[in-house]
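Report on the structure
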Amino acid sequence: MLLRLPTSLSEARECVAEGAVPIGGATLVWATFQRDGFPEQAVSLRHLPEATAIEPDALGSAVRLHQIDDRVPEVLRAAAATVGTGAVRRTATVGGNLVGSTLRCLLPAALVLDARATVLEQAGVYETDLAEVVEKRQLLLSIRWRVPLVSGYHKALAAAGGPPPLVVASAVHAEGGGPHLRVAVRDGYDVLRATVPCGTGADPVLDALERSDLAALPTGARDAVRAHVSDVLARVDDR
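Note that the structure is predicted; figures quoted are calculated from it, not measured. (Residues numbered from 1 in each chain as written. Predicted model: local features only at pLDDT ≥ 70, side-chain atom pairs only at ≥ 80, totals over all residues. Heavy atoms only, no water.)

**Comments concerning the overall build of the chain**
Scanning the chain from N- to C-terminus turns up 9 helices and 12 strands. Relative to the 2.2 N^0.38 estimate, which gives 18 Å for 239 residues, the radius of gyration of the chain is 19 Å and therefore close to what a compact globule would have. Within the chain, the proportion of its 239 residues that are buried is 45%. Within the chain, contacts between residues separated by at least 24 positions form 54% of all contacts whose residues are at least 6 apart in sequence. (Helix = DSSP H or I, 4+ residues; strand = E, 2+ residues; numbered from the N terminus. Rg over C-alpha atoms; globule rule 2.2 N^0.38 Å. Buried < 20%, exposed > 50% of the residue type's maximum accessible area, 1.4 Å probe, protein only. Contact = heavy atoms within 4.5 Å.)

**Some points on empty space enclosed by the protein**
Going through the model one piece at a time under the given rule, you end up with 1 cavity of 30 Å³ or more. In terms of lining, the largest cavity is formed by Leu 206, Leu 209, Glu 210, Leu 214, Ala 215, Leu 217, Arg 222, Val 225 and Arg 226. Secondary-structure elements contributing two or more residues to the lining of the largest cavity are α8 (202–210) and α9 (219–238). Classifying every residue of the lining of the largest cavity by side-chain character gives 6 nonpolar, no polar and 3 charged. (1 Å grid on protein atoms, 1.4 Å probe; cavity = no way out; pocket = protein on both sides within 12 Å on 5 of 7 lines; lining within 4 Å. Points joined across faces, edges and corners; volume = space filled by probe spheres on them. Nonpolar A, V, L, I, M, F, W, Y, C, P; charged D, E, K, R; others polar.)

**Re the pairing of strand β7 (residues 124–129)**
Sheet topology note: the strand β6 (residues 116–121)/β7 ladder contains 6 bridges and is antiparallel. Looking at β7, one finds that Arg 116 is bridged to Asp 129. Taken together, β6 and the strand that follows it, β7, pair antiparallel across an intervening segment of 2 residues. (Pairing = 2+ DSSP bridges.)

**Some thoughts on helix α3 (residues 74–81)**
All of the buried residues along α3 are Val 75, Leu 76, Ala 79 and Ala 80. Along the long axis of α3, the arc covered by the buried residues comes to 125°, so they all point the same way. Residues of α3 that are buried in the fold lie against β5 (58–60), α4 (86–89), α6 (107–112), β9 (150–155) and β10 (167–173). (Arc of directions from axis to C-beta.)

**Here we look at the pattern of salt bridges**
Using the criterion set out here, one finds 15 salt bridges in the structure. For the salt bridge of Glu 55 with Arg 144, the shortest nitrogen-to-oxygen distance reads 3.9 Å. In this pair, Glu 55 sits in strand β4 (residues 54–55) while Arg 144 sits in strand β8 (residues 139–144), placing the two residues 89 residues apart along the sequence. Using a relative accessible area of 41% as the deciding quantity, one classes Arg 144 as partly exposed. If you follow the salt bridges from partner to partner, you end up with Asp 114, Arg 146, Glu 175 and Arg 182 in one network. (Salt bridge = Lys/Arg side-chain N within 4 Å of Asp/Glu carboxyl O.)

**Some words on the sheet that holds β6**
Pairing within the open sheet is antiparallel, and its 5 strands lie in the order β4-β5-β8-β6-β7. Each edge of the open sheet is held by one strand with a lone partner, namely β4 and β7. Across the sheet, helix α1 (residues 9–17) lies against β6, β7 and β8, angled at about 65° from β6, the strand it touches most. (Axes fitted to C-alpha atoms, helices over the stretch in contact; angles between N-to-C directions.)

**Remarks on the side chain of Ser 44**
With respect to the element layout, Ser 44 can be found in the loop between β3 (41–43) and β4. Ser 44 has contacts with Leu 3, Arg 4, Leu 5, Pro 6 and Ile 23, leaving out every residue within four places of it along the chain.

**Describing the sheet that holds β10**
Taken together, the 4 strands give an open sheet; going across it, the order is β9-β10-β11-β12, and neighbouring strands pair in antiparallel fashion. Looking along the sheet, the strands with just one partner apiece sit at the ends: β9 and β12 (190–197). Going from strand to strand, the sheet's axes swing by 10° on average, the running direction of each strand aside. Pairing analysis gives 7 bridges linking β10 to strand β11 (residues 180–187), with the strands arranged antiparallel.

**Regarding the nonpolar core**
Within the largest apolar cluster, 37 residues are counted, with the highest numbers of intra-cluster contacts made by Leu 59 and Ile 143. By residue number, the principal contributor to this core is α6, which donates 5 residues. Apart from the residues lying within four places of it in its own chain, the contact partners of Leu 59 are Ala 53, Ile 54, Ile 68, Val 72, Leu 76, Val 94, Ser 142, Ile 143 and Trp 145. (Core = buried A, V, L, I, M, F, W, Y, C linked by side-chain atoms within 4.5 Å.)

**Side note on α8**
Within α8, the full set of buried residues consists of Val 205, Leu 206, Ala 208 and Leu 209. Each buried residue of α8 sits inside an arc of 160° when the element is viewed along its axis, so together they form one side.

Fair warning: the whole summary comes from geometry, so function is off the table for now.
Structure representation (structure tokens):
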């Protein structure tokens, strides 16, 4: 297998046009390669500046999870810190987790930040909806978001090898009509989300969430959401 390491977008487009298979840290694809055979060529974006950025409002797809630090919002930093073991986090990438994984631990965090995705195709580079990128498994270059006032992340404890643990992510954004709270919950393999205004105290916010799509969650999950959101809203009040 020939591993290609483009250093510019034009080189990366050439790799894609010639059929190179995207590969990041290979934590998810290596077993598939061993089972189904290795492709003739693969492409890694780890030398591409657009895919290695770590900024207050952007994160490249080739960034390894252990590199995600306090330059990004708390919700993303905490999400990355809970993925796998230290060895996994030193290899796994943002793009692999968001697009290549079935668990997608970073997805709830990215959704509450209202993140947009930049993707690479043969025709060029363009920005699109993150959920669409995940569904179509497109080649992700980076994600970009609006910096929130506060954010938070909760991942329930779970036994290794068991069902996916509950994940709750949230972020409060300043908007024209007043602050709004975005919440995303991974229950099993499904991700539910809601957006509600949050300028009138915790109780109205929690009541509004109970009338949102999150009402479909089981009782235990809804209790976890209420506890998590109450904590995040308290931090807004402390600002």
